[in-house]
Structures are given as structure tokens and as C-alpha cells.
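A closer look at the structure
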Amino acid sequence: MPTLDEPLKKVLGPPTAKVMAEHLGLHTVGDLLHHYPRRYAERGELTRLAELPLDEHVTVVARVADARVHTFNAGRGKRLEVTITDGSGRLQLVFFGRGVHKPQHDLLPGTRAMFAGKVSVFNRKLQLAHPAYELLAEESDAREAAGTWASSLLPIYPATAKLESWKIAKAVDAVLPSANEALDPLPDAMREGRGLLPLPEALLKIHRPRSRADVESARDRLKWDEAFVLQTALARRRHADAQLPAVARRPAPDGLLTAFDARLPFTLTEGQQKVSREIFDDLATDHPMHRLLQGEVGSGKTMVALRAMLAVVDAGGQAAMLAPTEVLAQQHHRSITEMMGDLASGGTLGAAEHATGVVLLTGSMGAAARRKVLLDLVTGEAGIVIGTHALIEDVVKFHDLGLVVVDEQHRFGVEQRDALRSKGAQPPHLLVMTATPIPRTVAMTVFGDLETSVLDQLPAGRSPIATHVVPAQDKPHFLARAWERVREEVAGGHQAYVVCPRIGDEEEAAGTKAAKKGAKAGKGASSRTRAAEDADGATLGTGFNADDEAGADAAGDKRPPLAVLDVARGLAEGPLAGLRVGILHGRMAPDGPDGKDAVMRRFAAGELDVLVATTVIEVGVNVPNATAMVIMDADRFGVSQLHQLRGRVGRGSAPGLCLLVTDMPEASPARARLGAVAATLDGFELSRVDLEQRREGDVLGQAQSGVRSSLRMLAVIEDEQIIAEAREEATAVVAADPALEAHPALRTALDALLDEERESYLEKG
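Described in the following lines is the structure provided in the data block.

About the criteria used
- Residues numbered from 1 in each chain as written.
- Predicted model: local features only at pLDDT ≥ 70, side-chain atom pairs only at ≥ 80, totals over all residues.
- Heavy atoms only, no water.
- Phe/Tyr/Trp six-rings, centres within 6.5 Å; stacked < 30°, edge-to-face > 60°.
- Helix = DSSP H or I, 4+ residues; strand = E, 2+ residues; numbered from the N terminus.
- Lys NZ or Arg CZ within 6 Å of the ring centre and 35° of its normal.
- Axes fitted to C-alpha atoms, helices over the stretch in contact; angles between N-to-C directions.
- Contact = heavy atoms within 4.5 Å.
- Nonpolar A, V, L, I, M, F, W, Y, C, P; charged D, E, K, R; others polar.
- Salt bridge = Lys/Arg side-chain N within 4 Å of Asp/Glu carboxyl O.
- Buried < 20%, exposed > 50% of the residue type's maximum accessible area, 1.4 Å probe, protein only.
- Pairing = 2+ DSSP bridges.

**Some points on the packing of aromatic side chains**
The final tally for this structure, using the stated rule, is four aromatic pairs. Their ring planes at 45 degrees and their centres at 6.4 Å tell us that phenylalanine 115 and tyrosine 133 sit as a pair that is tilted. One end of the pair, phenylalanine 115, is in strand E5 (residues 112-122); the other, tyrosine 133, is in strand E7 (residues 132-135), with 18 residues separating them in the sequence. By the ring-pair criterion, three or more aromatic residues cluster together here, those being Phe95, Phe115 and Tyr133. Over the face of the ring belonging to tryptophan 224 we find arginine 194, whose NZ or CZ atom lies 3.9 Å from the ring centre.

**Considerations on the packing of helix H10 (residues 256-263) against helix H12 (residues 301-314)**
Interhelical geometry of H10 versus H12 gives an angle of 145 degrees and a closest axis separation of 8 Å. In this structure, H10 contributes Leu256, Leu257, Phe260 and Asp261 to the contact, and H12 contributes Met303, Leu306, Arg307, Leu310, Ala311, Val313 and Asp314. Split into classes, the residues belonging to the contact of H10 with H12 amount to eight nonpolar, no polar and three charged.

**Some points on the pattern of salt bridges**
Note on pairing: side chains with opposite charge can pair once their charged atoms come close. In the structure shown here, the tally under the stated rule is 33 salt bridges. The closest approach of N and O atoms between arginine 68 and aspartate 66, which form a salt bridge, is 2.7 Å. Here arginine 249 makes a salt bridge to aspartate 400, at a shortest N to O gap of 3.0 Å. Placement of arginine 249 in the loop between helix H9 (212-243) and H10 and of aspartate 400 in the loop between strand E12 (382-387) and strand E13 (401-407) is noted, with a sequence separation of 151 residues between them. Relative accessible area serves as the criterion here: at 24%, aspartate 400 is assigned to the partly exposed category.

**Quick look at the pairing of strand E10 (residues 318-322)**
For E10, a buried count of five out of five residues is recorded, marking the element as mostly surrounded by other parts of the structure. Residues Gln318, Ala320 and Leu322 line one face of E10 and the alternating positions Ala319 and Met321 line the opposite face, and both faces are buried. Both E10 and E13 contribute to a ladder of five bridges, which runs parallel. Among the inter-strand pairings, methionine 321 is bridged to a residue of E13, identified as valine 405. In this structure, E10 lies alongside E12, joined through four bridges in parallel fashion. Residue pairing in the sheet places alanine 320 in a bridge with valine 385 of E12.

**Details of the sheet that holds strand E18 (residues 581-584)**
Across the sheet, which stays open at both edges, the six strands sit in the order E16-E21-E20-E17-E19-E18 with parallel pairing between neighbours. Because the sheet does not close on itself, it has two edges, and the strands there are strand E16 (465-471) and E18. The sheet shows a mean angle of 20 degrees between the axes of neighbouring strands, taken without regard to direction. Pairing of E18 with strand E19 (residues 610-613), which is carried by four bridges, proceeds in the parallel orientation. Residue isoleucine 583 lies in a different strand from E19, and its bridge partner there is valine 612. Helix H21 (residues 639-646) rests against E16, strand E17 (495-499), strand E20 (626-631) and strand E21 (656-662) of the sheet, and its axis sits at about 150 degrees to E20.

Written out as C-alpha cells, the structure reads:
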């Protein structure tokens, strides 16, 4: 019987092990045992074909209703079309060329099987092209009686195109006896008190259940394991942080903060006042603050962060704000110096009492300006610095760094944040800001070592934003109307953004041609590149070419994303002709007459009517007169990114308008995602939608896309109560025994969860 740390290549053979390692991240017997079924198909139960997601790899259980062979090319080519049904709907399977012979023999009407493949569209109908399949025996069949499928439930595993679910199931069979060797990480009293199965029994039941009750009891145990072990890791991190020394930073009475507050032309919201008190309480302690400040776009996080920075300067320290882009760093520097007025003129003649220096440091600064900033930081002349990654470089030294503010946490790697924090003589306090709302349970799981503050009130004066999906492919006149709406906003004295996913480049010949076609969509045509149609009337690029005997990729050719340079040109020459159209993207020089900063200043001053930009405007950009936004290829953006972009309009007294342009068909997951964005302005609700679609990402590692997740069973939205209870239990265990000397099996589980990369990630925060 193989041990849990036995490499899979020794048990399953190198070819299968290689696919599992490369495509599923499974390397050992233990990894495979923790690769749980995604769902189960019951004998006689037919999975629903009516709800198949487009462009995703799926496994379905269904019965063959019809199978027909078609010939083409004067009989030289063959195409097998098989219709399967599950009672809820029908799906067509297509096999071409030499791939016809075996399925023609196997897939006779009445046959029941599991099918796996990628869902595509042909002639506006869903299909699977060349799916893999495994025949399922009937109840009366001798193979059934012999126990080939002894379980009453068929496990359906997370699979890949190179390794189908049933092949994974066979691999699990080979290693399942090793489950009996699994060490149980839970203290006996905790497991018995919660009525949980022993770990070996839970592993056996999750893979080969005999009833739904087996599945539920196994899931209960495995969910608790994930929650408890993860929260133990985070509790140990919090415990270690509490032992670190830090300089307490209490603002001086009647100092810089008091002077700043006295000048504010508005009253802070209740939320801003409450969060500020939480931060000031943390800053006054002698161990480092670790706080996550999250809130809606425009909720006033920058004001809260600035007051925290002023409090630290008051207490004799310095504060650094790390921004992800030069545009945002410049915007923060400009808005902060404007808000502070002469309180930001420290070190100059005639500076106000209590004033400090506020400086900007970016990678594109000239050598002389850069030297001056570095000198101001090392001497303490500058109390506040706002910068990009340039702040992290070794040459940057501080006199006394007391607070690090990280804006848009998800844009920075852990190493970058850690490098800036290491510049303090003692660990500085840390404030992480994000405008991407995170549900409480997600924050508790992903940021379990951070205290969380939420700003959910918008300041007075913010206007509502109407959001609509514009289906350019299905209804080209809707897109024409979108450009009319932009002209109407400009005619009313307002401005607009047009956002594209790509910059564009003259060298990208094919992409540029496709994108130019997309830009011409403004004149009413569809923005999807039109391909020639074959004899059967199927559009190449959107389905299957019936004359392709080899069976081309059923997904077809997808045009490149629309580009700023091409769309701006197409709009200026077409539907927005006569308007002042500018462009902004990350490859532009930061400074100079045509640089990023100059373009943003011109747009903010009303000298441009329309700004065609990439997501460089996603965060921090504040132009109250901009009321409309058109997002091209909106399906290419994530939910939180769309919410961020939309937050750039409606920032003044006039209502905002956001139009999400897409070519995706109405039944696609991408359209459902856009519909969710259009349906609500509640970022917390949208973050739940986003999480349900993308999963949690690797909560202890750097892969935050959701592809690689250390949560295999736990769903942080659904399992809120489990996570909360596990946090309490883990905190109590660590408080009583920080080194876990009395819990060797729990230490082993932590070692398995925290490989070297994740351990480093967790230590750096």
C-alpha cells in the first residue's frame, strides 16, 4: 500500500502522473486523495443538459436518442451526429473523419454513457465536438452485478480535456486503501464534540459513497478540516505579529491632524469617523497594526488614509502610500496636496505651522528631482511620500517610517509590500486599502491576519449610476444608440470614457485589422469579425466548419480584444466625429505635453470630451464632470474590475451612465456576469457573484485567479458559520499552545498546507 507522500508516478505511471501534475496540481498519493468529486450522478439520475455553460469543459450523463451518419465531399468525408437527452434538454455530439468509426459502433440509440468535452455553439445550438465518453452499464447488466460500478453514486471529478473524470476515478481506486493511513489533525475532543467522522473514514466516503448521507457526513468533516487548519495557520500568524515590537504613534494635540481637520469644508461621514477611531486605536499600540480598509468606490477611503498618515507624522514618523500605477500615484499626490493646502509645504519658506513635506516618487522621474525626494525622505524633511514600485528600490531610505498604506492591495505581490515594510527601523504599521468589496467571510479567510474595517456609506453628493448591457452582435442598433448617448452627454456639457481591453500596436497586423472592424462597430455594424459562410450556412469562427474533415477546433477563431488606438481612430472618424477625443494607456510616457499626466489634466480641465483608455483609469481617477462610460468587450473584464471602472462616473451632481458592450450570446456565462453587474451597484453583492463564478483563489498563495485553490471543499460564501467557528477554535488552540507541541498531527497538516512558497507568503503578509 503506497504511503500518502508517495509520488504518483510510482503508483500510476509517468504519463498519467505528468498530466495530473501539470493540469491538476496533483503530485502525491495524498494530493489525489484530497482531489474530491465535484458532484455525483445517481443510477437512473440524468444530469441537466438545459443548464450547460458555454466554452467550459463539462461531464454529463445522458442517453443516446438518435445517431446519424452524414457524408460530404462526394462521399469521401463522414460526419456522425449523435443527439443525447436527459429529460431536461437535448445536446448534439459531433464526430468527424477517422473519429467516426468507434462512436458509430458504441453510441446506438438507448445507450447510456458519460460524455466529457468543451461546450461550443454551431448554428446557434450547443454541441460537444469529439467528446470523450464512457459507456454505463444498465442495472440488469452483468457488469453492474459484478460490481464494476459497485457504488450507487458515480463520482464526477474536476477534470481536464486531457484526463476525463472516469480516468481520475480509476486512479483514485488505485490509491484509496492509503486513506487508512491518514493522520487525523483534529484534537479528539474537538472531533467527538462536533460529531465528525475520523479522517480515514471521511476520505473513503467522499470518494466512494453508498448514499447521499455518506457524502454529507464526509463533506461536513472535510470542510471543518480545511477551515480549522487554515484558521490555525492564520491564528499562529496573528500570534506571532502580536509579539513584534512597533513604535506607538499617537497624534500630537493641536498638531498637524487638528489643523487639517479644522480646514475640511465638509463633515466626515459616520463611517469615516468610526473607521478612523479604529485605526488611531491600532496606531497607539506598541505592536504593528495590520488593518484592511475596504469600501465602495468613492466611499472616502483616501481621506481616512490621509488622516492616518497625518497622525503618524504628528507623532514624529513618516508615512508612505504605495499606488499601483503612475497615473494613480500622481492623482493621489495631486489630490492630497490640494486637500492639505499649505500644510503640505513643509521645508519651504512661509510654510504653515505644523506643515510637512509631501513628495511623489515614480520610476519615470528625472535624476535631479529623484535625488531631491530621496534626500527629503532620509532626512525626514518629507513626512509623506506617495509612489509606485519605485518606493521599493534599495536606494530609498527613510528617516523613521511609521506607516505603510497600500492602495489596491490586489495589484501588488507580497514581496513588494514586504520590501516596503522592511524599510522601517522597527516594523511599521500597515493599512491595506481596496475598493473591491470583499464579503466578511472572504476577508476572514483570505485576510485572516488582518483586522477589517468597512466603509459602506457614500459621501453626500454622489449620484446614482444606471448600467445597461449593449448586445452588439444581436442588436447592432443598440451600439449605434450608445454612441448617440455619448454625444448627448457631451452636448449637455459633460464628458465620457470609452474603455478597451487592449492598447493596440501597428506591428500587431492581424489584431489591428480585427480591432479596426470592431471600432467601426460604432457606425452600426457588429463588432465581431465577419467570416465567410460555408455551404451549410454555419459562420466560420463561431461554430464548426462542416467541410473540415479533420474536425477543426469547435470553439473557432476568436478575434483579438478591441484596442484603444483603433477604437479611438474609428470613433473620431465615425460616430463621435467632431468631438475632442483623447487616448490614455500604460505605454504612454508619464510626463511631457502628450504624456499620461498631461492627458489626465486636459480631461479633468474639460479640454477633452471623450477619453478612450485602458484600465489605467480603473482606480483613483476622479473627474466629477465625466458622466458616461462605454466599456467595449465588457465580457473580457472581471466583475470587480467592471465595478471599479463604473465607479469613475457619477462622481458629481449629475447621474452616471455605464454601457457594457458585448458580442457574447445571451445564454453564455459572460452575459450572465454582465447582467449581474447591470442589476446592482452593491459591490458586496457583486463580489459574491464574482466569488461564486471564480472561486476563492489560493487563499495562502499567490495564485489569486481561482484556478489553483487550497480550498477543495470549503466555499467561503456558503460556509460562513463554519469559518467563524473554526476561527474561534483555532485561536483558542494557538493561545494555549502556540508551537502546537501537544498537536503533532495538526502540525503535520499545517506543513502539508503550507509548502515553502505558501509559508513565505504567510510570513510576509
